[in-house]
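# Structural overview for review
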Amino acid sequence: MLAGYAVHVEDSRGRRFPEPRHPYRNDFQRDRDRVIHARAFRRLEAKTQVFTRRYSDHFRNRLTHTIEVSQITRTIAGALGLNVDLAEALALVHDIGHPPFGHAGEKALDAAMRAHELFFDHNLHALRIVEDFEQRYAAFRGLNLTFEVREGIIKHSRDYDAAEHPELAEYLLDQRPPLEAQLIDLTDEIGYNTADLDDGYEAHLLTLDQIRASIPVFDRFFCEVERIYPDVADKLKFNETIRRVLNRLADDLISNTQARVKKAGIRNLGDVRRYGERLAAFSAEVDAERRQIKDFLYDNLYYSPSLAGEKEDAERIVTELFGFWMENPSALPWAYREKAEQESLPRVVCDYIAGMTDNFIIDQYEQHCGR
Ligand code: MG
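Residues numbered from 1 in each chain as written. Predicted model: local features only at pLDDT ≥ 70, side-chain atom pairs only at ≥ 80, totals over all residues. Heavy atoms only, no water.

With that settled, the discussion passes to the overall build of the protein. Helix and strand counts for the protein stand at 17 helices and zero strands. Relative to the compact-globule value of 21 Å for 371 residues, the protein shows a C-alpha radius of gyration of 22 Å, a close match. In terms of its C-alpha atoms, the protein occupies a principal-axis envelope of roughly 65 × 50 × 40 Å. Looking at the protein as a whole, 54% of its 371 residues are labelled buried. Considering only contacts within the protein whose residues lie at least 6 apart along the sequence, 71% involve residues at least 24 apart. Put simply, the protein shows about 17400 Å² of open surface, and 49% of that area lies on carbon and sulfur atoms. Side chains of the protein give 50 positive and 64 negative charges; the mean places of these two sets differ by 3 Å. (Helix = DSSP H or I, 4+ residues; strand = E, 2+ residues; numbered from the N terminus. Rg over C-alpha atoms; globule rule 2.2 N^0.38 Å. Buried < 20%, exposed > 50% of the residue type's maximum accessible area, 1.4 Å probe, protein only. Contact = heavy atoms within 4.5 Å. Areas by Shrake-Rupley, 256 points an atom, 1.4 Å probe, with all protein chains shown as cover. Lys, Arg positive; Asp, Glu negative; His and termini not counted. Charge placed at Lys NZ, Arg CZ, Asp CG, Glu CD.)

See below:
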């Protein structure tokens, strides 16, 4: 049963190009399936989340991260009485606009664009992918997703200013997104905070003592696990602890969002949209714990000296290739040369690079930059 404040699929604002109804899948289920069948979705498998392939095939890549976020999102959306199909579609599409090499690649691409007074934003890029770059249908370009999925792609993690982004006017920028979209940024963080602790520990870049000393919520659960399972291996104690941390974050997000919705007197989607702030949120206590995990990961993993060399390589590859195609646009593939007749060259080069997998961009670098 859907809550009154959920998005009801029969109230969807629909697709750009009307299509006949499917006999046994609703529109959000179809959108979820269209994302799964997209080329950009498959490419997530070869894009870095935190660790490149050099480390281990056990670690998360952007595809397995996305699947984990989708699992967490479905569970939480279901417990809140939200539209699980819409929430799942939004979780599966949430990282589709990310360039190769994780955060380092994104930073370098944005810097290259800023030299041309442009910028790179992965949410806006994701919208371009589903609206334009994916070509599967004879009748239209893009995936022809429903309004609610396109709106969620733009608004799940931040608000965009209507004056700065007139091209996004149709997405109700003066209103909050539905709760299904509000959840994504938080479930994304539940996913990567716990997974990155796991991968960082497994990679021996983080030690158990260090994690216990720096993250009180982890230490609390670890002590509990040690009392119940004193004789099992540390890695199993670690796994049991991570599981408890994840559950604490998820439980809190559910109960605190429910409490906020109730306190605000929210009855329907219109109330969610018109409310002055986002309603999906952790409680102050758990939000502080979430912040501790995140800060710890920034200080000890994301900026760790062990990953610094790869990040420098990533930034150099993106920067030099961007420069190469700016100087040699005739070396771009035909489809991009054609695009450059309607759009600025930096944007076209940026689109080309952003779509690449880690493997492909390394090949391109060796081919064009000769190393
Ligand atoms: Mg993510």
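Past the structure itself, the notes keep going.
Here the focus is the coordination of the magnesium ion. The magnesium ion binds to the protein through His65 (NE2), His94 (NE2), Asp95 (OD) and Asp188 (OD); the donor distances cover 2.2 to 2.5 Å. Counting along the primary sequence, the residues that act as donors to the magnesium ion give the motif H-x28-H-D-x92-D. Taken together, the residues span a long stretch of sequence, with histidine 65 in helix 3 (residues 62-79) and histidine 94 in the loop between helix 4 (84-93) and helix 5 (102-114) at a distance of 29 residues. Since its relative accessible area comes to 2%, histidine 65 is described here as buried. (Donors = N, O, S within 2.8 Å, 3.2 Å for Na, K, Ca; no water.)

Okay, the nonpolar core next. Formed by 49 residues in total, the largest nonpolar core has its most connected members in Ile76, Leu197, Ile211 and Phe218. Listing elements by their share of this core, those giving two or more residues are helix 3, helix 8 (179-202), helix 9 (208-214), helix 10 (216-228), helix 11 (234-263) and helix 13 (284-302). At eight residues, helix 11 tops the list of elements feeding residues into this core. Ignoring anything within four residues of it in the chain, the contact list for leucine 197 reads Leu206, Ile211, Ile215, Phe218, Phe238, Ile242, Ile293, Phe296 and Leu297. Judged by nonpolar contacts, the second largest core, of 34 residues, contains Leu143, Ile153, Tyr171 and Leu172. (Core = buried A, V, L, I, M, F, W, Y, C linked by side-chain atoms within 4.5 Å.)

Inspection of every chain in the model, using the stated rule, returns zero disulfides. Unpaired in terms of disulfides, cysteine 350 finds its nearest cysteine sulfur in cysteine 369, a separation of 17 Å. By relative accessible area, cysteine 350 is classed as buried at 0%. Residue classification places cysteine 369 among the buried positions, given a relative accessible area of 17%. (Disulfide = S-S within 2.5 Å.)

Moving on, we get to the environment of leucine 2. Position of leucine 2 among the secondary structure elements: in the segment before helix 1 (27-36). Take leucine 2: its relative accessible area is 32%, and that puts it in the partly exposed class. Distance in space between the C-alpha atoms of leucine 2 and leucine 80 is 8.6 Å, their sequence separation being 78 residues. If we ignore the near neighbours within four places in the chain, the residues touching leucine 2 are Val7, His8, Gly81, Leu82 and Asn83.

All told, the structure shown has eleven aromatic pairs when counted by the stated rule. When the centroid spacing of 5.0 Å and the interplanar angle of 35° are considered together, the rings of tyrosine 137 and phenylalanine 140 count as tilted. Taking 5.6 Å as the distance between ring centres and 25° as the angle between the ring planes, the aromatic pair formed by phenylalanine 147 and tyrosine 171 counts as stacked. With phenylalanine 147 in helix 7 (residues 147-155) and tyrosine 171 in the loop between helix 7 and helix 8, this residue pair connects regions lying 24 residues apart in the sequence. Note on accessibility: phenylalanine 147 and tyrosine 171 belong to one class, buried. Over the ring of phenylalanine 147 we find arginine 13, and its NZ or CZ is 5.3 Å from the ring centre. Above the plane of the ring of tyrosine 160 lies arginine 158, whose end atom (NZ or CZ) is 3.8 Å from the centre. (Phe/Tyr/Trp six-rings, centres within 6.5 Å; stacked < 30°, edge-to-face > 60°. Lys NZ or Arg CZ within 6 Å of the ring centre and 35° of its normal.)

Bringing the pattern of salt bridges into the picture now. Under the definition given, this model contains 44 salt bridges. One salt bridge in this structure joins lysine 155 and glutamate 151, with 2.8 Å as the shortest N-O distance. Of this pair, lysine 155 and glutamate 151 both sit in helix 7, four residues apart, which is roughly one turn of that helix. Each member of the pair, lysine 155 as well as glutamate 151, is classed as buried. The shortest N-O distance in the salt bridge between arginine 244 and glutamate 240 comes to 2.7 Å. (Salt bridge = Lys/Arg side-chain N within 4 Å of Asp/Glu carboxyl O.)

Here we take up unusual backbone geometry. Here the phi dihedral of glutamate 117 falls at roughly 60°; this positive angle occurs in a residue that is not glycine. Locating glutamate 117 in the fold gives a position in the loop between helix 5 and helix 6 (122-133). For glutamate 117, a relative accessible area of 77% puts it in the exposed group. Residue leucine 172 is not a glycine yet carries a positive backbone phi of 50°. Its location among the elements puts leucine 172 in the loop between helix 7 and helix 8.

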